[in-house]
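Each chain, written out:
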Amino acid sequence: MERLYRVFPWVEDPFTAEGLSRYRSTVSEFRVLATHEWFGELVSRRRELRLVDLCSGTGIGGVALAKVLTDLGVRVSLTLVDLRQEALARAAEFSLRELGSKPDVLVLDVLELEEPSLEGSFDIALIWGHTTPHFSPWEWVRVLANVSRLLVDDGLLVYDEVDRVYSIFYLRGYREVLPELAERGRVVLSIHRGRDFRTGYFNRVVLDLVSGEAEEMEVYLWDIASSAALTWVFFSDVDYVPTRKPYSGVVLARKPRRSLDLRTAFKEVPRILKHQQSS
């Protein structure tokens, strides 16, 4: 993962102008999201919230949400979980600058969260930064199972999502060769290599034409309905807020299911379907 992010031009360093801009945009997005009824209910029930940012990278999402909640008068304890130690170290520095305190950091794989001490430890779980394409449907099920165990009974899962069936396949078309970055001194392409029909992954090679570095990348092109429907299996209710565009925004899920009665579990229509939008 460290090698991939060295080659792929993903903006994640919050100490750069581009990274700081992304952080500020995320703060603005969370200010809108904080007006959602489910956030209001959670804040009204407790004035101290435990937030875990999973696959946190450099912590832009977790720090941004913690800042918004703090500005609302809530005390927030922040935990960041990622596989990359270097990214977590950067995140701790950034949290200290923005929030005045360092977060707890854990080097863990979200697919292998088997720490009993973490179960029921958090009020909000965040997965932020277009992270879902890293997971196939089979892995997303495992992520959701693990996340639901981390949360308290009235806990909230928040993750950003894009309808990539619409934005990629319909709006522009899937491309064999895609320029990811073109600037002085650096040109990066991603190139289609194949597809795994069992996992659903598209396999692409990310190539820096200047340095010659290359790294393989697996991506699953989620749409909102698919990831949210799987999320509903693990949570009692699911909603979607189109914070960027009609096909790009935030999925919220609340109250992890502790048991599942197949006769009644899915009779009630989830909130996401009660205010449908189309384009």
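See above for the structure.
Source: prediction; values computed, not measured. (Residues numbered from 1 in each chain as written. Predicted model: local features only at pLDDT ≥ 70, side-chain atom pairs only at ≥ 80, totals over all residues. Heavy atoms only, no water.)

### Re the overall build of the chain
Put simply, the test is: Helix and strand labels come from DSSP, where a helix needs a run of H or I of at least four residues and a strand needs a run of E of at least two; each type is numbered from the N terminus. Values of the radius of gyration come from C-alpha atoms, whereas the globule rule sets the reference at 2.2 Å times the count of residues to the power 0.38. Note on exposure labels: buried denotes an accessible area under 20% of the residue type's maximum, exposed denotes more than 50%, and partly exposed covers the range between, all computed with a 1.4 Å probe on protein chains only. The contact definition used throughout considers only heavy atoms, calling two residues in contact when any of these lie within 4.5 Å. Only the protein chains shown count as cover for residues, and the accessible areas themselves come from Shrake-Rupley with a 1.4 Å probe. When charges are counted, Lys and Arg contribute as positive and Asp and Glu as negative, whereas His and the chain ends are disregarded. To locate a charge, take NZ of a lysine, CZ of an arginine, CG of an aspartate or CD of a glutamate.
Scanning the chain for helices and strands turns up eight helices and eleven strands. The C-alpha atoms of the chain give 19 Å as radius of gyration, which agrees with the globular expectation for 279 residues (19 Å, within 12%). Principal axes of the C-alpha set define a box for the chain whose edges measure 55 × 45 × 35 Å. The proportion of buried residues among the 279 residues of the chain is 48%. Looking at the chain alone, contacts between residues at least 24 apart form 69% of all its contacts between residues at least 6 apart. Total accessible area computed for the chain in this model is approximately 14,000 Å², and 52% of it derives from carbon and sulfur atoms. Charge-centre separation for the chain: the mean point of 36 positive side chains lies 4 Å from the mean point of 41 negative side chains.

### With respect to the sheet that holds strand E5 (residues 151–162)
As a general point, the strands of a sheet are linked pairwise by backbone hydrogen bonds and lie either parallel or antiparallel. Keep this limit in mind: We call two strands paired when DSSP finds no fewer than two bridges between them. Only the stretch in contact is used when fitting a helix axis, every axis being a line fitted to C-alpha atoms; angles between N-to-C directions are given from 0 to 180 degrees.
With mixed pairing, seven strands are arranged side by side in an open sheet as E3-E2-E1-E4-E5-E11-E10. Edge positions in the open sheet fall to strand E3 (104–107) and strand E10 (235–245), since each of these has one partner strand only. The average undirected angle you get between the axes of adjacent strands in this sheet is 20°.

### Some details on the pairing of strand E2 (residues 75–82)
Look at any regular strand and the pattern is simple: side chains alternate between the two faces of the sheet. Inclusion rule: Note on handedness: a crossover is taken as right-handed if, strands pointing away from the viewer, the path from the first strand over the helix to the second is clockwise.
Sheet analysis places strand E1 (residues 48–54) next to E2, joined by seven bridges and oriented parallel. Note that in E2 the partner of Asp53 across the bridge is Leu80. Each parallel crossover has a hand, and the one from E1 via helix H4 (residues 60–71) to E2 is right-handed. In this structure, E2 lies alongside E3, joined through four bridges in parallel fashion.

### With respect to the layout of surface pockets
What counts is decided by this rule: Every definition here rests on a 1 Å grid over the protein atoms only: cavities are sets of points where a 1.4 Å probe fits but cannot get out, pockets are open sets enclosed by protein on both sides within 12 Å along at least five of seven lines, and lining residues have some atom within 4 Å of a point. Grid points are joined across faces, edges and corners, and a volume is the space filled by probe spheres set on the points.
Quantified by volume, the largest pocket comes out at close to 930 Å³. Contributing to the lining of the largest pocket are 29 residues, with Phe8, His130, Arg164, Ile168 and Glu180 lying nearest its centre. For the lining of the largest pocket, the elements supplying multiple residues, two or more each, are helix H1 (2–7), helix H7 (164–170), strand E6 (177–183), strand E9 (214–219) and E10. Counting residues per element, the lining of the largest pocket draws most heavily on H7, at three residues.

### A word on the packing of H4 against helix H5 (residues 85–99)
Geometry of a packed helix pair, given as the angle between the helix axes and the separation of the axes. Heads up, the condition is: Each angle receives one of four descriptions, namely roughly parallel if under 35 degrees, roughly antiparallel if over 145, roughly perpendicular if within 65 to 115, and oblique otherwise. Left-handed describes a crossing whose near helix is turned anticlockwise from the far helix by less than a right angle; the clockwise case is right-handed. Note on residue classes: Ala, Val, Leu, Ile, Met, Phe, Trp, Tyr, Cys and Pro are nonpolar, Asp, Glu, Lys and Arg are charged, and everything else, Gly too, is polar.
At a minimum axis separation of 10 Å, H4 and H5 run at an interaxial angle of 20°. The angle between the axes of H4 and H5 places the two elements in the roughly parallel class. The element H4 and its partner H5 pack so that their crossing is right-handed. Contact residues: H4 offers Val63, Ala66 and Lys67, while H5 offers Phe94, Ser95, Glu98 and Leu99. Of the residues belonging to the contact of H4 with H5, the class tally is four nonpolar, one polar and two charged.

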